[in-house]
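Breakdown of the fold
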Amino acid sequence: MASGRKPDGSYERVWFEELVAPDEVAFDAGVFLLRKDSAKALKTGAPPEPVPGSSPPRGPEPITAPEPSPAPRPEPAPGATTKTLRLVGTVPPEIWNRLGTKILPKLRSGSDLRIGLEFTVTVKADTAGSLAADLQQILQELGLGEAVRVEEGGPISR
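Formed by Ala2, Tyr11, Val14, Phe16, Leu34 and Ala39, the largest nonpolar core amounts to six residues. Setting aside its immediate chain neighbours within four residues, Ala2 contacts Tyr11, Arg13, Val14, Trp15, Gly30, Val31, Phe32 and Leu34.

Spelled out as structure tokens, the structure:
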């Protein structure tokens, strides 16, 4: 399996003969199922063998002068070996589930991942107490009773 196809035919990530976490498996346009020989070649860095039945090579490629190797990158300053990324904004309800399947696995590749949350909803005053109690019960069942609190605000004038 591979994801993130690059213009040169390689991929950002290739999984071959290794376990794949269920949250890494996605069925979308950016994920490809590779033949065994192609995946092995990509994983080892060798060019993949041509697939039988594919078009034969068109002839010799023009010889080009080797490109100079890129200049070495400057060494990062001491203490600058990591950076912190922060995602901030409002997410519409239609894509909440996709955040869990697309963004969270990417964020788990780093370290010290912390997720804060803020849900705000407007309800009728006579049902607010019951909803707050239900939410607190759900948080307790999820083991988040101490980490997440339910706050009731005053009425909102419109």
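From this point, the narrative continues.
What follows covers a nonpolar patch on the surface. A contiguous nonpolar surface patch, about 620 Å² in accessible area, is contributed by Val121, Val123, Leu131, Leu135, Ile138, Leu142, Leu144 and Val150. Tracing the backbone shows Val150 in the segment after α3 (125–141).

Enumeration over the complete set of coordinates arrives at five salt bridges. Salt-bridge contacts for Arg35 lead to Asp37; the nearest nitrogen and oxygen are separated by 3.6 Å. Residue class for Asp37 comes out partly exposed when judged on its relative accessible area of 28%. Salt bridges here are not isolated pairs; linked through shared partners, they connect Arg13, Glu18 and Lys43.

Within the sequence span of helix α1 (residues 36–44), burial applies to Ser38, Ala39 and Ala41. What you see down the axis of α1 is that its buried residues fit within an arc of 165°, all on one side. More than 90 degrees from the buried face of α1, the exposed residues found are Lys36 and Thr44. Where α1 is buried, its residues meet β2 (11–14). Just downstream of α1 lies Gly45, where phi reads positive at about 90°.

Taken in spatial order, the three strands make up an open sheet running β2-β1-β3, and their pairing is antiparallel. Here the strands that pair on one side only, and so sit at the sheet edges, are β2 and β3 (31–32). Pairing of strand β1 (residues 2–5) with β2, which is carried by three bridges, proceeds in the antiparallel orientation. Along β2, the bridge assignment pairs Arg5 with Tyr11.

Parameters and conventions
- Residues numbered from 1 in each chain as written.
- Predicted model: local features only at pLDDT ≥ 70, side-chain atom pairs only at ≥ 80, totals over all residues.
- Heavy atoms only, no water.
- Core = buried A, V, L, I, M, F, W, Y, C linked by side-chain atoms within 4.5 Å.
- Buried < 20%, exposed > 50% of the residue type's maximum accessible area, 1.4 Å probe, protein only.
- Contact = heavy atoms within 4.5 Å.
- Patch = residues over 30% accessible without salt bridge, like charges linked within 9 Å, V, L, I, M, F, W, Y side chains within 5 Å.
- Areas by Shrake-Rupley, 256 points an atom, 1.4 Å probe, with all protein chains shown as cover.
- Salt bridge = Lys/Arg side-chain N within 4 Å of Asp/Glu carboxyl O.
- Helix = DSSP H or I, 4+ residues; strand = E, 2+ residues; numbered from the N terminus.
- Arc of directions from axis to C-beta.
- Pairing = 2+ DSSP bridges.

Everything listed here is a matter of geometry and, on its own, says nothing about what the molecule does.
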